[in-house]
Amino acid sequence: QVQLVESGGGLVQAGGSLRLSCIASGRTFSNYAMGWFRQAPGKEREFVAGITRSGGSTRVADSVKGRFTISRGNAKNTVYLQMNSLKPEDTAVYYCAADVKLMRQPPDRDYEYDVWGQGTQVTVSS
């Protein structure tokens, strides 16, 4: 199955931007829908954004709508999460995940995803 490695996390001030990347290896990347999730300390993992195999359909959580954008480059085996206007409440470990099922929309439930990366820390200071 595919292996996933996230990068791009770090410390940023509120109002700033970061772009996370998740590079896949091992299988055909375009056979997977991709998602981003996050987990803050003491909280459950939550859906952030998802994108279908071709990139033709995306969805984002209401909490990040208008601020975060998901995209993918199948030629580069990479999915991105552009995060703008960051808030302290965006602080979390961010994970990318891959779903082999063919769906019209990317799933927003973590149990739908088959493979997970190790996560990258995003910290937003006030």
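Use the structure listed above.
Attention here is on the structure that accompanies the text. (Residues numbered from 1 in each chain as written. Predicted model: local features only at pLDDT ≥ 70, side-chain atom pairs only at ≥ 80, totals over all residues. Heavy atoms only, no water.)

## A closer look at unusual backbone geometry
You will see that Asn-77, though not glycine, has its phi angle at about 55°, which is positive. By secondary structure assignment, the location of Asn-77 is in the loop between β7 (68–73) and β8 (78–83). Its identity is not glycine, yet Ser-85 carries a phi of approximately 50°, on the positive side. Among the residues examined, Ser-85 registers a relative accessible area of 40% and is labelled partly exposed. (Helix = DSSP H or I, 4+ residues; strand = E, 2+ residues; numbered from the N terminus. Buried < 20%, exposed > 50% of the residue type's maximum accessible area, 1.4 Å probe, protein only.)

## Quick notes on the pairing of strand β9 (residues 92–99)
In terms of burial, β9 is largely enclosed, as seven of its eight residues are buried. Across seven bridges, the pairing between strand β4 (residues 33–39) and β9 is antiparallel. Pairing of Phe-37 across the sheet is with Tyr-95, part of β9. Where β9 and strand β11 (residues 120–125) come together, three bridges link them in antiparallel fashion. What sits directly across from Val-93, in β11, is Gln-121. By the bridge criterion, two bridges tie β9 to strand β10 (residues 115–116) in an arrangement that is antiparallel. Along β10, the bridge assignment pairs Ala-98 with Val-115. (Pairing = 2+ DSSP bridges.)

## Considerations on the packing of aromatic side chains
Scanning all chains against the criterion turns up four aromatic pairs. Relative to Tyr-113, the ring of Phe-37 has its centre 5.3 Å away and its plane inclined at 80°; by these criteria the two rings are edge-to-face. Taken together, the residues Phe-37 in strand β4 and Tyr-113 in the loop between β9 and β10 connect sequence positions 76 residues apart. Ring centres of Phe-37 and Trp-116 lie 5.0 Å apart, and the angle between their planes is 55°; this geometry places the pair in the tilted category. Taken together, the positions of Phe-37 in strand β4 and Trp-116 in strand β10 put the pair 79 residues apart, joining distant regions of the chain. Through a chain of ring-to-ring contacts, three or more aromatic side chains come together here, namely Phe-37, Phe-47, Tyr-113 and Trp-116. Its guanidinium or amino end placed over the ring of Trp-116, Arg-45 lies 3.9 Å from that ring's centre, counting from NZ or CZ. (Phe/Tyr/Trp six-rings, centres within 6.5 Å; stacked < 30°, edge-to-face > 60°. Lys NZ or Arg CZ within 6 Å of the ring centre and 35° of its normal.)

## Some points on the pattern of salt bridges
Considering all chains together, one arrives at nine salt bridges under this definition. For Glu-46, the salt bridge is made with Arg-38, and the minimal N-O distance between the two is 2.6 Å. When its relative accessible area of 33% is taken as the criterion, Glu-46 is described as partly exposed. A salt bridge links Arg-45 to Asp-110, with the shortest nitrogen-to-oxygen separation between them at 3.4 Å. On the criterion of sequence distance, the pair formed by Arg-45 in the loop between β4 and β5 (46–51) and Asp-110 in the loop between β9 and β10 is long-range, its members being 65 residues apart. With relative accessibility at 32%, the residue Arg-45 sits in the partly exposed group. Residue Asp-110 is classed as partly exposed on the basis of its relative accessible area of 28%. (Salt bridge = Lys/Arg side-chain N within 4 Å of Asp/Glu carboxyl O.)

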